[in-house]
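Here is how the chains run, residue by residue.
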Amino acid sequence: MPLSTISESKTQRLEILGPDGKADPSIPVDISESELLDIYRKMVEMRLFDERAIKLQRQGRLGTYPQILGQEASQIVPPLCLKPSDWMVPTYRGQGAYYARGMQLRYSLLYWAGDDRGVHFPEGNKDMIFSIPVGTHLTQAAGLAWAAKLKKEDSIALAYVGDGSTSKGDFHEALTFAGQFRLPVIYLIENNHWAISVPRKKQSASTTLAEKASGYGIFGLQVDGNDALAVYQAVGSAVARARLGLGPSVLECETYRLGHHTTADDATRYRSAQEVEAWKKKDPITRLRKYLESRKLWNAQEESKLKTESEAMIQAEIDAYESFGAPNPLNMFSDNYASAPWHLIEQRAQLEKLLKARKSQHEALELPPVEGRFP
Amino acid sequence: MSELNLVQAVNQGLRQAMESDKRVMVLGEDVGINGGVFRVTEGLFKRFGPDRVVDTPLAELGIVGTSVGLAMGGMRPVCEIQFDGFLPATLDQVICHIGRIRNRSRGKYTVPMVLRSPHGGLIHAPEHHSESPEAYLCHTPGIKVVCPSTPQDAKGLIIAAINDPDPVVYFEPKALYRAAKGEVPDQPYETPIGKARLAREGTDISLISWGAMVHSCLKAANILNEEGISAEVLDLRTLTPLDIAAILATAEKTGRALIAHEAPNTGSWAAEISALISERALLKLQAPVRRVGSWDIRMPLFRLEKYYIPDAGRIVKAAQETLSF
Ligand SMILES: Cc1ncc(C[n+]2csc(CCOP(=O)(O)OP(=O)(O)O)c2C)c(N)n1
Ligand SMILES: [Mg+2]
């Protein structure tokens, strides 16, 4: 018998906006003007916020912080395609996604300042907590989607994952479950070309990350991740498919990490300035702005108004963040179990005694009220 | 002799081991061109090339699993898990395979590999970057676990771990990476695995510890000294196999033992040491053995870490209670 072809997979890529901000007229995008402007505003706000956060870190007013500089389209657009009752499952580089879900920026700052009070989502939102270990949230997202399916809810789950993190076994197990049980889940790969110092090409011999989906019986698509319209279109249709019970999707959004990995990293040690410069030309914000201007939805005056308003909003968030004050150390004993066991009751009392002893030594130490449930 | 910090000491040990044995290779996330996120492998990629200093894909279980195969296949892999919080993902290989292969193959196959990982908190790191998972590993048969607290031992132990015929987990206290400095011999040398170090002599109470906490014990000993209490400090250096002779010697000498460490007390390695002392030196003890560990809750985000991990003050208080028993 000659060799025969028993399966064929092809990988497609979606791009709508060119680098000049011109949209491909052959792909209609179902998006209102107000949604477009909302996306643009949030992207600009996020960029300005990122810049301020870096400065705060350099001034010792914030801990290690991961910028999303350059990834504003792939971060901000997907949550805007979801309902609050859908699960949004971010990576650790998730301030943009949370912001798009309506979380106030003060909480992102608190989290990256090492304060557990930073985990604070808007009421009614199904948002997952930042996932610092990469990849472990992916099977969890499959489970969240599975529960929604079993309960016959029409909600879905959208999980972000970095290009580097697709190498983790967790990614493959998540796709196995999602495909096998036809779960209403979307895996959105933010391929920013770097995993700290390791380039995308060193992660996997696969040509694209999108094509990995086909091995698990899942729809896969590569998307120009610096093209807000393409991201909107791709996520929107993946959401619609998931809601209709047509199964999971993998969307590889190709973008670029323009900044260092985090404030603890120095990217000049491992990548060239030319590469960064080339990607700056594909900046997602500039492209969307050109598009909006070409449709007469935006102009220089509005741009400067947005900048002024955003800066004021961000300053107010920073002020709110810095006025939080130190947390009560006893907070860490709250909410560990539905009802605290004997040894935690004992240990909390020990810490309380210790704090009181220290307080009598340093009169200044005035503790705020304890937060959370205990015992 | 040169004055090195702990990062430089591990780096020098790795470099010298790689120079003397072509089978030794280093693999892990960002260990190559970037020299590791803490710069422990700085310069090795340039010196030994991409076959021996390998930037792996981001997959901890893959790193450890392939290291098992590399070691069985004749290489001497030294793999790095970037942070202690990502070590639990490798426990499938560590618990179910690494320590068992010698025995399961009736001695035919061995796994001479080293698994390096940073350890502990107090550097204001993000979530999952400040963990103390040693008890999970020490509990596992067939492997050895070491944790230096000085640059001199850091170099000697990494060379000893690489030369050891069995798998060794090598913890690097990250609070000491740049803070601990000391004179380190220029030549290659081994710090024997299984031997503790008497860090300070005393007569009234024994403070037993490892890693960064050794320095808190030394600080506590200074404070106690001002109160007229003479504390002995034992730096274990190796967690498995424990230096039972040194542990019993100090416990019997002072009659009072306190074990300080960064992990929660329940099921901790301190609990094991406490049990050993109680079983073997009961009649020489004047007070119950005391564990001073973190609370039995998860490591909080860093604003509260100093209230979670014991400091010298907590050690002093526990020592005073033990002395007034
Ligand atoms: C399980 C695990 N291993 C290692 C790390 C350390 N680490 C943090 S981010 C990162 C690279 C992630 O790369 P990628 O998935 O591409 O996401 P990006 O940082 O580019 O957003 C690594 C290795 C981690 N957080 N979790
Ligand atoms: Mg990446």
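Remember, predicted model here, so these are calculated numbers, not experimental data.

A. Layout of the sheet that holds strand β9 (residues 197-200) of chain B. Residues and elements named next belong to chain B. With mixed pairing, 5 strands are arranged side by side in an open sheet as β9-β11-β10-β13-β14. Every interior strand has two partners, whereas the edge strands, β9 and β14 (290-294), have only one. The average angle at which neighbouring strand axes cross in this sheet is 25°, direction not considered. The pairing of β9 with strand β11 (residues 231-235) spans 3 bridges and is classified as antiparallel. Each residue of the ladder has a partner; that of leucine 198, found in β11, is leucine 234. The strands that helix α12 (residues 312-323) touches are β10 (205-209), β13 (257-264) and β14; relative to β14, the one it contacts most, it runs at about 160°.

B. Region of interest: the domain arrangement of chain B. Residues and elements named next belong to chain B. Segmentation of chain B into domains returns domain 1 (2-184) and domain 2 (197-323). The C-alpha-based centres of domain 1 and domain 2 are spaced at 26 Å. Each partner contributes residues to the interface: domain 1 has 27 residues there, and domain 2 has 24 residues. Carbon and sulfur atoms supply 59% of the area buried between domain 1 and domain 2, which totals about 2,100 Å² over both sides. By the criterion of area lost to domain 2, the three top residues of domain 1 are Leu122, Cys138 and Ser149, representing 23% of everything that side buries. Here domain 1 and domain 2 share 3 salt bridges between them.

C. Spotlight on the coordination of the magnesium ion (ligand 2). Residues and elements named next belong to chain A. Asp163 (OD), Asn192 (OD1) and Trp194 (O) make up the full set of protein donors to the magnesium ion (ligand 2), lying at 2.0 to 2.1 Å. Here the donor residues of the magnesium ion (ligand 2) share one chain and are spaced in sequence as D-x28-N-x1-W. Asparagine 192 sits in the buried class, given a relative accessible area of 4%. Overall, tryptophan 194 belongs to the buried group, its relative accessible area being 8%.

D. Looking closely at the site of ligand 1. Tyr92, Asp163, Ser165 and Asn192 of chain A together with Glu60 of chain B are the nearest of the 20 residues found near ligand 1. Each of chains A and B places residues near ligand 1. Between ligand 1 and isoleucine 132 of chain A there is a distance of 2.8 Å, counted from a nitrogen atom to a backbone nitrogen or oxygen. The backbone of valine 134 of chain A places a nitrogen or oxygen atom 3.0 Å from a nitrogen atom of ligand 1.

E. Fine view of the interface of chain A and chain B. Taken together, the contact pairs 42 residues of chain A with 33 residues of chain B. Overall, the association of chain A and chain B removes approximately 3,400 Å² of surface from exposure, summing both partners, and the carbon and sulfur fraction of that is 60%. Of all residues in chain A, the largest losses of buried area upon contact with chain B belong to Asp116, Arg269 and Met332 of chain A, amounting jointly to 18% of the total for that side. Taken together, chain A and chain B are joined by 6 salt bridges. In this structure, glutamate 60 of chain B and lysine 168 of chain A form a salt bridge, with 2.7 Å as the shortest nitrogen-oxygen distance.

Conventions and cut-offs
- Residues numbered from 1 in each chain as written.
- Chains lettered and ligands numbered in written order.
- Predicted model: local features only at pLDDT ≥ 70, side-chain atom pairs only at ≥ 80, totals over all residues.
- Heavy atoms only, no water.
- Pairing = 2+ DSSP bridges.
- Helix = DSSP H or I, 4+ residues; strand = E, 2+ residues; numbered from the N terminus.
- Axes fitted to C-alpha atoms, helices over the stretch in contact; angles between N-to-C directions.
- Contact = heavy atoms within 4.5 Å.
- Domains from an automatic or database assignment.
- Buried area = accessible area lost by both parts, 1.4 Å probe.
- Salt bridge = Lys/Arg side-chain N within 4 Å of Asp/Glu carboxyl O.
- Donors = N, O, S within 2.8 Å, 3.2 Å for Na, K, Ca; no water.
- Buried < 20%, exposed > 50% of the residue type's maximum accessible area, 1.4 Å probe, protein only.
- Near = heavy atom within 4 Å.
- Polar contact = N/O pair within 3.5 Å; in protein donor to acceptor, adjacent residues only side chain to side chain.

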